[in-house]
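Single-letter residue listing:
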Amino acid sequence: MDKIIRIGTRDSELAMWQAKTVQQQLEYLGYKTKLISLKATGDLVLNKPIYEMGITGVFTRNLDIAMLNDEIDIAVHSLKDVPTVLPEGIVQAAVLKRGPSEDVLIFKDNEEFMAQKDAIIATGSLRRKAQWLQRYPSHKVVGLRGNVNTRLQKIKDNEDWNGGIFAAAGLQRIGIKPENLVTLSWMIPAPAQGVIMISALEKDEFVREACGKLNHEETEICTSVERKFLNLLEGGCSAPIGALCYINDEEITLKGIILSEDGTSKKEINKTVKLRKHIYLAQDAAEFIIDRGGKKLMSNFDKFEKKFNICSTKKLTVSQSKLVHEDIKVEDSDFIKVRFSRIPRPVLKNELENVIITSKNTVESLETNFSLPELQFKNIYCVGRRTKALVEKKIGPVKLTAKNAKKLAPLVLKDIKNKEVTYFTSSLRLDELPSFLEENDVVVNEVEAYKTMLSPLKVEENTDGILFYSPSTVQSYMKGNKAIGIAFCIGETTALEAKKYFDEVKVASVPTVESVIELANLHFAKN
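Read on for an overview of the structure. Please read these numbers as outputs of a predicted model, since none were measured by experiment. Per-chain numbering applies: the sequence of each chain, read as written, is numbered from 1 onward. Local features in this predicted model are restricted to residues whose pLDDT is 70 or higher, and side-chain atom pairs enter the listing and the counts only when it is 80 or higher, whereas totals over whole chains, interfaces and linings include all residues. In computing side-chain properties, one takes all heavy atoms of the structure into account and sets aside hydrogens as well as water.

A few points about the overall build of the protein chain
Heads up, the rule is: Strands here are runs of E lasting at least two residues and helices are runs of H or I lasting at least four, both read from the DSSP assignment and numbered beginning at the N terminus. We call a residue buried when its accessible area falls under 20% of the maximum for its residue type, exposed when it is over 50%, and partly exposed in between, using a 1.4 Å probe and counting protein chains only. In this description, contact between two residues means that some pair of their heavy atoms is separated by no more than 4.5 Å. Method for areas: the Shrake-Rupley scheme with a 1.4 Å probe, in which residue coverage is limited to the protein chains shown. We score Asp and Glu as negative and Lys and Arg as positive, and we do not count His or the chain ends. Working definition for charges: the position is that of NZ of Lys, CZ of Arg, CG of Asp or CD of Glu.
Of regular secondary structure, the protein chain possesses 18 helices and 24 strands. Seen along its three principal axes, the alpha-carbon backbone of the protein chain occupies a region of about 85 × 55 × 45 Å. Looking at the protein chain as a whole, 52% of its 527 residues qualify as buried. In the protein chain, of all internal contacts separated by at least 6 residues, the share reaching a separation of at least 24 is 65%. Accessible surface, the protein chain as shown: approximately 25200 Å² in total, 46% of it carbon and sulfur. Computing the positive centroid from 75 side-chain charges and the negative centroid from 71, the protein chain places the two 1 Å apart.

A few points about the pairing of strand β22 (residues 465–468)
This is how it is decided: In this scheme, strands are said to pair when DSSP sees at least two bridges between them.
Side chains Gly-465 and Leu-467 project from β22 onto one buried face, and the interleaved Ile-466 and Phe-468 project onto a second face that is buried too. Judged from the 3 bridges that link them, strand β14 (residues 308–312) and β22 form a sheet pairing that is parallel. Bridged to Ser-312 within β22 is Leu-467. Pairing analysis gives 4 bridges linking β22 to strand β23 (residues 486–489), with the strands arranged parallel.

Here we look at the sheet that holds β14
Defined as follows: Geometry is summarised by axes, namely lines fitted to C-alpha atoms with helices restricted to the contacting stretch, and by angles between N-to-C directions that run from 0 to 180 degrees.
Within the open sheet, the 5 strands sit side by side as β15-β14-β22-β23-β24. Their pairing is parallel. If you trace the sheet from one side to the other, it starts and ends with β15 (328–332) and β24 (505–507), each paired once. Ignoring which end each strand starts from, the neighbouring axes of this sheet average 25° apart. Pairing of β14 with β15 involves 5 bridges; the strand directions are parallel. Across the sheet, Phe-308 pairs through a bridge with Ile-328, a residue of β15. Set on the sheet, helix α18 (residues 513–525) makes contact with β14, β15, β22, β23 and β24; between it and β23 the angle comes to about 140°.

Things to note about the pairing of strand β3 (residues 74–78)
A large share of β3 lies buried, amounting to 5 of its 5 residues. In β3, alternate side chains face the same way, and those of Ile-74, Val-76 and Ser-78 on one face and Ala-75 and His-77 on the other are all buried. Two elements, strand β1 (residues 4–10) and β3, share 2 bridges in a ladder whose sense is parallel. By the bridge assignment, Ile-7 is partnered in β3 with Ile-74. Where β3 lies against strand β10 (residues 196–201), 5 bridges are found, and the strand directions are antiparallel. Bridge pairing in β10 places His-77 opposite Met-197.

As for the sheet that holds strand β20 (residues 420–426)
Adjacent strands of a sheet pair through backbone hydrogen bonds, lying either parallel or antiparallel. Taken in spatial order, the 6 strands make up an open sheet running β16-β21-β20-β17-β18-β19, and their pairing is mixed. Among the strands making up the open sheet, the edge pair consists of β16 (336–340) and β19 (400–402). Averaged over all neighbouring strand pairs, the angle between strand axes comes to 25°, with direction disregarded. In the sheet, strand β17 (residues 352–357) pairs with strand β18 (residues 377–383) via 5 bridges, with the strands oriented parallel. The residue of β18 that forms the bridge with Ile-357 is Cys-382. Sheet strands touched by helix α14 (residues 405–416): β17, β18, β19 and β20. Its angle to β19, the strand with the most contacts, is close to 155°.

Some points on helix α9 (residues 281–291)
Note the cut-off: Throughout, the arc means the angular range of directions from the helix axis out to the C-beta atoms.
When α9 is considered as a whole, its buried residues turn out to be Leu-281, Ala-282, Ala-285, Ala-286 and Ile-289. Along the axis of α9, the buried residues cluster in a sector spanning 125°; they form a single face. In the stretch just after α9, Gly-293 is the one whose phi turns positive, near 95°.

So, helix α7 (residues 205–212)
Residues that lie three or four places apart on an α-helix share one face, since the helix turns once every 3.6 residues. For α7, the full list of buried residues reads Val-207, Ala-210 and Cys-211. Along the axis of α7, the buried residues cluster in a sector spanning 95°; they form a single face. Away from the buried face of α7 by more than 90 degrees, exposed residues Glu-205 and Glu-209 are located.

Digging into the packing of helix α12 (residues 360–369) against helix α13 (residues 385–394)
Quick reminder of the rule: Our angle categories are set so that under 35 degrees counts as roughly parallel, over 145 as roughly antiparallel, 65 to 115 as roughly perpendicular, and the remainder as oblique. For this classification, the nonpolar set comprises Ala, Val, Leu, Ile, Met, Phe, Trp, Tyr, Cys and Pro, the charged set comprises Asp, Glu, Lys and Arg, and every other residue, Gly included, is treated as polar.
Here α12 crosses α13 at 20°, and the two axes come no closer than 9 Å. Between α12 and α13, the angle falls in the class roughly parallel. Residues Lys-360, Val-363 and Glu-367 of α12 form the contact with α13, whose own contacting residues are Arg-386, Thr-387, Leu-390, Val-391 and Lys-394. Considered class by class, the residues forming the contact of α12 with α13 number 3 nonpolar, 1 polar and 4 charged.

What about the environment of Asn-149?
Rules: N or O atoms closer than or at 3.5 Å make up a polar contact, with two conditions inside protein: a donor-capable atom paired with an acceptor-capable one, and, for residues adjacent in sequence, both atoms drawn from side chains.
One can find Asn-149 in helix α5 (residues 148–157). Along the sequence, Asn-149 and Lys-108 sit 41 residues apart, while their C-alpha atoms lie 15 Å from each other. Non-local contacts of Asn-149, meaning those with residues more than four positions away in its chain, are made with Glu-13 and Ile-176. Reaching out from Asn-149, the side chain makes a polar contact with the side chain of Glu-13 at a distance of 2.8 Å.

Thoughts on unusual backbone geometry
With a phi angle near 65°, Asp-70 is a residue other than glycine that sits in the positive phi range. With a phi angle near 70°, Asp-441 is a residue other than glycine that sits in the positive phi range. The residue Asp-441 is located in the loop between α15 (432–439) and β21 (443–454) in this model. Given a relative accessible area of 53%, Asp-441 falls into the exposed group.

Side note on the side chain of Asn-379
Here Asn-379 shows up in strand β18. Overall, Asn-379 belongs to the buried group, its relative accessible area being 12%. Within the structure, Asn-379 has its side chain in polar contact with the side chain of Asn-354 (distance 2.9 Å). Apart from residues no more than four positions distant in its own chain, Asn-379 is found in contact with Glu-353, Asn-354, Val-355 and Lys-399.

Observations concerning the pattern of salt bridges
A side chain with one charge may pair with a side chain of the opposite charge, provided their charged atoms come close. Here is the rule we go by: One speaks of a salt bridge when a side-chain nitrogen belonging to Lys or Arg is within 4 Å of a carboxyl oxygen belonging to Asp or Glu.
Applying the stated criterion across every chain yields a total of 20 salt bridges. Between Arg-345 and Glu-374 there is a salt bridge whose closest N-O contact spans 2.3 Å. Pair noted here: Arg-345 is in the loop between β16 and β17 and Glu-374 is in the loop between α12 and β18, with a separation of 29 residues, a long-range link. Look at Arg-345 and you get partly exposed, because its relative accessible area is 47%. Take Glu-374: its relative accessible area is 32%, and that puts it in the partly exposed class.

Dropping the structure here:
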């Protein structure tokens, strides 16, 4: 158990409480841990309701990216905030025993307003808004965002407001016990409300095994049914859908509801089956709702108007595309085409002592040209953590790595001064690394591992931002387009090239595709 499990969390009081709870349980089992807090998009954008942000995973996306970037090992979430489809490579590792699932009303003065025609209730949840208006159609519901304490203060400061709706579990976990509180037993909660969930990388068996020891089976069964019901109705975590599942005497019951935003229409179900025959419970319940017109109630939430247009100079994978903010329309294409070169076999006639590899394309080219046993290198120097990971998976251990070629050069020089190195490179590459080494008496034997060909796509003039992943993608883009919008770059070397043409250039904190996407998300989410 020498590995330290890095626990990612939002930095709100409630999120930290949940993460510390997981930390305590893991450490009780003997694991070493470390907390790492990050801001989520939902914490940064507080001027509009979640359902108007046009984004699923508003509180989880940054942590997903951090995990894919190897900045954290697990993420701790409120399961109700987690999209029903996780990014590729990330899995649910455990759920803790469910806390209170109910919604509660915190009111000012007294409860008389509930029987009156005019009243103002605050909530940032579309589900709560719809259910409140369904029960109290003459009332007005206003938006309410922020952490628990911020929301409580807003209710106190707004004299016209009568109260606000909160999750009972959130209040309980941070020790808030208001006197003026009513449990809304009639309101069906969000699917998986009151549940803490741990996500991890699918490939990390050590972490998944550790977290699996914390899993609560009954909670897992119930929340799986609730979230499948939500998924089958094609609702995001902010859609007007409620679901609650519970087990009693070997029977499992699902209560589900879907409403119009104004609460004037609803479809609901209450279905009980034997526990071991619940595999189709969510599907049967969803079909019951759909067959009775439930889909029509979702028509206003199927599509969100795209407010921004961006272009990615690399074709995104399915999981990467899901990370793009839903207010953003993305056109993606490979502005760089790669063709592996035929590497002469005499290059590997003798074991190479020092080798530089700066991209995953090089690794794939070597794998195409030679069998893995032939790739015997004594010292391997790499650019980028993902290149390093692929090298160590396919070829062997990496001695030194750096974020870019410029930073790698002095590290290599210090390690192999007055020697020689084989540099597997592209037909298009910057001169910084080989020039620096040659100027300092290192013999650089360059081997073209692959050809890089410019393949620009004509970009619409109303594009707000361009995502760049290498200097070559900048060059390719400029070959067929003007510099428009903001350049979002994967690293400093790419940014240096972009600054030749673009007035505004932003650089990702971590050199990965996911970080470039999140850089654009955060910029446009603030506008």
